[in-house]
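Close look at the chain arrangement
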Amino acid sequence: MLVENAEKWGGKVRLIGLSIDSDAGTVKSHVEAKGWTKVEHYHVRTAGCTADKDYGVNGVPHVVLVDTTGKIVYVGHPASRNLEEDINTLLKGESITGDGT
């Protein structure tokens, strides 16, 4: 999605992966195997990190969409959304609607 929309989205869109795997090596192997080079990856299953709890991650995959003002506008499973369409809508400064918003 980032590759196909790189020109249109420019530096306006960031995908950040928060891994809840038990060790960083597993995260690295998975990212390399999938070729996810355009996503920023962070290993959050470390002492003191509460990102999974802070963002309500109960399973994976899990998406949090943030609009251009920094407001969280969607939380949930990505299969229930057209993320590319949602991102384009948010970049126009418009609101998204539906379940999870």
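Residues numbered from 1 in each chain as written. Predicted model: local features only at pLDDT ≥ 70, side-chain atom pairs only at ≥ 80, totals over all residues. Heavy atoms only, no water.

A few words on the packing of aromatic side chains. Under the criterion given, the structure shown has zero aromatic pairs. Over the face of the ring belonging to Tyr74 we find Arg81, whose NZ or CZ atom lies 5.2 Å from the ring centre. (Phe/Tyr/Trp six-rings, centres within 6.5 Å; stacked < 30°, edge-to-face > 60°. Lys NZ or Arg CZ within 6 Å of the ring centre and 35° of its normal.)

A few words on the layout of surface pockets. The calculated volume of the largest pocket comes to roughly 1600 Å³. Leu15, Ile16, Gly17, Val39 and His62 are, among the 40 residues lining the largest pocket, the residues nearest its centre. Elements with a minimum of two residues in the lining of the largest pocket: strand S1 (16-19), helix H2 (24-34), strand S2 (40-43), strand S3 (63-66) and helix H4 (83-91). Class assignment for the residues of the lining of the largest pocket results in 27 nonpolar, eight polar and five charged. (1 Å grid on protein atoms, 1.4 Å probe; cavity = no way out; pocket = protein on both sides within 12 Å on 5 of 7 lines; lining within 4 Å. Points joined across faces, edges and corners; volume = space filled by probe spheres on them. Helix = DSSP H or I, 4+ residues; strand = E, 2+ residues; numbered from the N terminus. Nonpolar A, V, L, I, M, F, W, Y, C, P; charged D, E, K, R; others polar.)

Measuring from the backbone nitrogen of Gly25 back to the side-chain oxygen at the start of H2 gives 3.1 Å, which picks out Asp23 as the cap. Just past H2, the residue Gly35 takes up positive phi, approximately 70°. (Polar contact = N/O pair within 3.5 Å; in protein donor to acceptor, adjacent residues only side chain to side chain.)

Relative to the helices and strands, Ala51 resides in helix H3 (residues 51-54). Here Ala51 falls in the buried class, since its relative accessible area comes to 13%. Sequence separation between Ala51 and Leu91 is 40 residues, and the spatial gap between their C-alpha atoms is 25 Å. In contact with Ala51, other than residues within four places in its own chain, are Leu18 and Val44. (Buried < 20%, exposed > 50% of the residue type's maximum accessible area, 1.4 Å probe, protein only. Contact = heavy atoms within 4.5 Å.)

On to the environment of His62, then. Among the secondary structure elements, His62 is positioned in the loop between H3 and S3. By relative accessible area, His62 is classed as partly exposed at 24%. His62 sits 29 residues away from Leu91 along the chain, and the two C-alpha atoms are 21 Å apart. In contact with His62, not counting residues within four places along its chain, are Tyr55, Gly56, Val57, Val75, Gly76 and Pro78. A distance of 3.0 Å separates the side chain of His62 from the backbone oxygen of Tyr55, its partner in a polar contact.

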